[in-house]
Structures are given as structure tokens and as C-alpha cells.
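# Geometric and topological summary
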Amino acid sequence: MYSLNVPVPGRVKQLAASLHPRLAAFDRVREDHTLVCKRLGDPDPGEVAAVQGRARRALAGTAPFAARVDGIGVFEEPAAGPAPVVYLAVESPGLRAAHERLCAAFEPAEGIEGPDYVPHVTLARGGSVADARALAGTDLDAVEWTVERLVFWDDRHGGAAGHVRLPA
């Protein structure tokens with residue numbers, strides 16, 4: 001999958017790491033923390049530059065925006081993969097606006113994008129819903145940051161494949 005992601009700052013990664021002992025009850029614990037802005041499909045290698053260009057045009061005029069992690073959420077019945085999913089909830093009107101602009105240029109992934117988009121950083125999945133709900137009640141110190149760039153991510157090659165600086 002090829003996507004456009006928000007870089008997760010060190011403070012969010014530290015917050016996730018501090019929760020690690022409480023995630024032991026889950027089947028899969030995420031070690032790499034990501035925040036997807038928009039999935040961009042599976043372009044062939046020769047199409048990547050065109051996909052990046054389309055995304056940049058869709059984001060033209062987008063200014064840096066604020067983001068905030070302020071709690072833990074649960075997808076009890078996720079659109080795909082093992083349930084439940086425990087995540088850090090992200091509040092960001094600017095991220096939602098960027099996502100909407102990208103959805104106008106790229107088909108939204110059914111059930112997880114467009115009106116169903118929930119900005120989040122996955123912590124763990126699989127396990128009991130009761131454990132997930134208990135974790136969701138955890139009080140957190142909020143982490144706020146300014147998003148000044150987005151990163152093209154290519155799962156096939158396991159890494160960054162370019163970026164968009166904001167303002168775009």
C-alpha cells in the first residue's frame with residue numbers, strides 16, 4: 001500500500017512506549033507508530049511520480065496544521081484485521097481537511113476513509129474487548145504538535161518515498 005502519512009513526533013512515540021506494558025494482553029502490539037492521512041492505492045513503480053504529483057496538487061495551499069493526541073480509543077469492529085484495535089486518538093481539523101482534499105482526488109478506501117476516517121495511531125489489536133475498553137479509560141497527558149510535512153510511505157519498500165512540505 002502506498003499512503004501519505006503524518007510523521008509521528010517523538011513525544012507521541014514515547015507516550016505509546018509508556019503504554020507498552022498495558023498492551024501485553026493484545027495479540028499484536030505495534031512497534032512502529034504511524035498516522036495515515038490518506039491511502040493512495042498500489043501504484044506501479046512507473047506511476048509513483050504521477051501519484052505524488054496528484055497528491056501535491058490536491059494539497060495546494062494547505063498550511064501547516066495543529067494535531068493533538070488526547071486519549072485512547074477502540075475500534076471494536078474494525079473494517080479489516082483482528083479486533084479490537086486500540087489506538088491513540090488524534091484531534092486535528094487540519095488533518096481532516098487534508099484528508100477530504102485527498103479523497104476528492106483519490107478514491108476513499110471503503111469503511112475507513114471519507115466520512116469513516118478516524119485519525120489515529122494504532123497501539124495494538126486482537127484480544128478482548130473488555131481489555132480494550134479498560135485501556136480506553138486511561139487518562140493521558142495530551143501531546144500537541146504542528147504538522148509541517150507529510151510523508152509518502154511505500155509499504156512494499158518499507159519506507160519513506162518522498163514528502164510534501166506545508167504550506168503545499
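Reading the values: the criteria
Residues numbered from 1 in each chain as written. Predicted model: local features only at pLDDT ≥ 70, side-chain atom pairs only at ≥ 80, totals over all residues. Heavy atoms only, no water. Pairing = 2+ DSSP bridges. Helix = DSSP H or I, 4+ residues; strand = E, 2+ residues; numbered from the N terminus. Contact = heavy atoms within 4.5 Å. Axes fitted to C-alpha atoms, helices over the stretch in contact; angles between N-to-C directions.

The next point concerns the sheet that holds strand β5 (residues 85–91). Remark on secondary structure: sheet strands pair via backbone hydrogen bonds, oriented parallel or antiparallel. Overall, antiparallel pairing links the 5 strands, which are arranged β2-β6-β5-β4-β7 in an open sheet. The open sheet is flanked by β2 (28–29) and β7 (143–147), the only strands paired with a single partner. Alignment of strand β4 (residues 65–75) against β7, held across 5 bridges, turns out to be antiparallel. Considered in β7, the bridge of Ala67 is made with Trp145. Of the strands in this sheet, β4 and β5 are in contact with helix α4 (residues 129–136), which crosses β4 at around 145 degrees.

Here we take up unusual backbone geometry. Here the amide bond leading from Ala83 into Pro84 is cis, since omega sits at -10 degrees, within 30 degrees of zero. Relative to the assigned elements, Pro84 resides in the loop between β4 and β5. Look at the link from Leu166 to Pro167: it is a cis peptide, with omega at 10 degrees. Position of Pro167 relative to the elements: it lies in the segment after β9 (159–165).

Geometric descriptors of this kind do not, in isolation, establish any biological role.
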